[in-house]
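# Fold and geometry: a report
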Amino acid sequence: METSKAMEESDVGILCYISQLPGFRGILKQRYADFIVNEVDTDGNVVHLTCLEPPPQMVEETKECEAKVSDEKMSERKSHEAEMELFRSLAGDSDAEKLESLISQVDSRTESEDSVPHIVLSPDSDKTHRTAVHNFFKQNFKFLVTDTTDGPDASSKCIRVRLDSGGHKNNGRNSKKRKERGEKPFDSRGSSNWPEHLGKFLRFHLYKENKDTQEALGIIGKMLGIQSKSFGFAGTKDKRAVSTQRVTVFKQQASRLAALNDRLIGIKVGDFCHVKEGLLLGKLLGNRFTVTLRGVIADSEDTIKAAADSLGRHGFINYFGLQRFGTGSVPTHLIGAALLRGEWKTAVSMILDPREGERDVIRKAREYYKESNDIEGTLRQLPRHLVAERAVLQCLKKCPGDYLQAMKAIPRTLRMMYVHGYQSYLWNHAASERLQKYGFDQVVLGDLVYCKGDDNEKETVGVNSESNDDNCDDTYDCSHLDETSGTDLLERKNTLVKVVTVEDMSTGNYTVDDVILPMPGSRVIFPTNEIATVYHDLAKKDAINLTESVHHVKEFSITSMTGSYRRVFQKPLDFEWLHTTKH
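Residues numbered from 1 in each chain as written. Predicted model: local features only at pLDDT ≥ 70, side-chain atom pairs only at ≥ 80, totals over all residues. Heavy atoms only, no water.

Named according to an unreviewed UniProt entry, the chain is Multisubstrate pseudouridine synthase 7 isoform X2 originating from Populus euphratica. Under the UniProt heading Sequence similarities (unreviewed entry), the note attached to the chain is "Belongs to the pseudouridine synthase TruD family." (UniProt positions renumbered as here; feature names shortened; annotations may be inferred.)

### Some remarks on the overall build of the chain
Broken down by element type, the chain carries 17 helices and 17 strands. When the 583 residues of the chain are sorted by exposure, 48% land in the buried category. If you take every contact in the chain between residues at least 6 apart in sequence, the share linking residues at least 24 apart comes to 77%. Per element, the accessible surface of the chain, about 29,300 Å² overall, is 49% carbon and sulfur. (Helix = DSSP H or I, 4+ residues; strand = E, 2+ residues; numbered from the N terminus. Buried < 20%, exposed > 50% of the residue type's maximum accessible area, 1.4 Å probe, protein only. Contact = heavy atoms within 4.5 Å. Areas by Shrake-Rupley, 256 points an atom, 1.4 Å probe, with all protein chains shown as cover.)

### Overview of the sheet that holds strand 16 (residues 564-567)
Taken together, four strands build an open sheet; the order of strands is 14-13-15-16 and the sheet is antiparallel. Strands with a single pairing partner mark the edges of an open sheet, and in this sheet they are strand 14 (497-499) and strand 16. Here the average twist between neighbouring strands, direction ignored, is 50°. Where strand 13 (residues 448-450) meets strand 15 (residues 515-519), two bridges bridge the pair, whose relative direction is antiparallel. Opposite V449, over in strand 15, you have V515 as the bridge partner. Packing of helix 14 (residues 412-438) onto the sheet brings it into contact with strand 15 and strand 16, and relative to strand 15 it is tilted by some 150°. (Pairing = 2+ DSSP bridges. Axes fitted to C-alpha atoms, helices over the stretch in contact; angles between N-to-C directions.)

### Examining the packing of helix 14 against helix 17 (residues 532-541)
The contact between helix 14 and helix 17 brings their axes to 9 Å, and the two run at 135°. Classified by the angle between their axes, helix 14 and helix 17 sit oblique to one another. Our pair here, helix 14 against helix 17, has a crossing hand that is right-handed. Together, Y422, Y425, L426, W427, H429, A430 and E433 of helix 14 and V534, Y535, L538 and A539 of helix 17 make up the contact between the two elements. Looking at side-chain class alone, the contact of helix 14 with helix 17 contains nine nonpolar, one polar and one charged residues. (Parallel < 35°, antiparallel > 145°, perpendicular 65-115°, else oblique. Left-handed = near helix turned anticlockwise from the far one by under 90°. Nonpolar A, V, L, I, M, F, W, Y, C, P; charged D, E, K, R; others polar.)

### A short note on the pattern of salt bridges
Summed over all chains, the structure comprises 28 salt bridges. Across the salt bridge formed by K370 and D353, the nearest N and O atoms sit 3.2 Å from each other. Taken together, the residues K370 in helix 10 (residues 360-372) and D353 in the loop between helix 9 (344-352) and helix 10 connect sequence positions 17 residues apart. Its relative accessible area of 23% is what places D353 among the partly exposed residues. Note that D360 is salt-bridged to R363, the shortest N-O span being 3.0 Å. Remark: R363 and D360 occur in helix 10; sequence separation between them is three residues, near one turn of the helix. Beyond isolated ion pairs, a larger network of salt bridges with shared partners links E85, R88, D93 and E100. (Salt bridge = Lys/Arg side-chain N within 4 Å of Asp/Glu carboxyl O.)

Structural data, given as structure tokens:
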């Protein structure tokens, strides 16, 4: 498939309809308000934005928290005073003032700032004295590092002092925390001033219009001075839509977020509460959709009625939709295939290279980078919401040529989308083949199903299914919890999966509604009928082996993923439709 043309459904395996009815034409999402999405949480509650202000109790708790922060900063300042006096006697007033200014910059610096603060001390021709200054910083200010630069004349040198950004020494102010943290959620980090009775995560409802989830959170993060990865959410929502979903953020005060509402355009936040755990991908039951079709063209009103009724009665094939594969002209599953092959440089190029159909400002920034290789200049031009592109470039600035590291610099929820896209691509093709070969009205020998009743006691082939993904049709859905978010933090559902036997066919225990297909991984089983070959044949065309990995990078290796299952046929819940005619 060429990457230059717009992606079509057939390119990602969406090839069949359940119904053979003639159907009708209409315009979907003519206006973004024609597509309304409300998340449904794991308890079945539909998420709405009902209140923009934090409750009075939260405001009081915020004041308590701010007081603790203020006390902590005061004691930290006092602890610096003794060291500053030592430094003043070692280096003099002028350099002491520079150091005080640097420490103040470091204390007020936000995580999202790219530049690392530094100062240059006065020229010094005495090597012994310079050594004493270097040693002073090693002993007293371990979050700062020093090096030596040329002075104004041949006989003198200057000591440069800067915040340790991690670098090769990796002994920065928070490096121990950073190393221990790895990819863990954010409750393993942060200051100690948070009140013990309060949950460490602020949960809020995010209402957005015509923006994707990452873009909206990028804007909020920038205003708060925190990184995108501080946020947790259960699933991304469509861009061209009006959507409401739950979001969590680590150790933030509701009043700070509520204050953003006056400045945000097409975004609102509210319904605040503190919770103990951050949201993880897949922690939702599904979504409630209200969809308006305009410009409907049909042979007759009966055609519309028959098609709509059929959707309610028979449901639909539970395909991963086009948004799963990205909205740009470079589909995520092609990047995913490159990662599974270990082609890091190719994957980075696919993310950064010019592509069709983007706004002028983005196109120019991509072309500029392609021609000049100027990372700084490109970052100045690239809009903030291009999170993956910016992360890759910032990493390449620090580690030129390390393309694997650049891919790993993309926030985890975003970078896992590429391999998930490839799994979804295989799944869609397998679902189409299942329908074409065996239809949608009966279960057949060799199909896979979740076990029922007595089968749970029998010896069956089973794996841990990370979650019940029955109603989870989202860009990221519950079928990927294991890869995206560490299942030890979730209630695992130990579901046995079995192959349909001749005996099952005769008892009628299982129907076509029970049929599932695997998302490839190391611990899934495949159907024992002809559908299994679809996975392996398609992967082989992409030079990918689903049972072996050509590299040792676990997160980009299909054999390091558990895999999971997804129902092939889905019926909508609470389905209703209305046909209105304009006069």
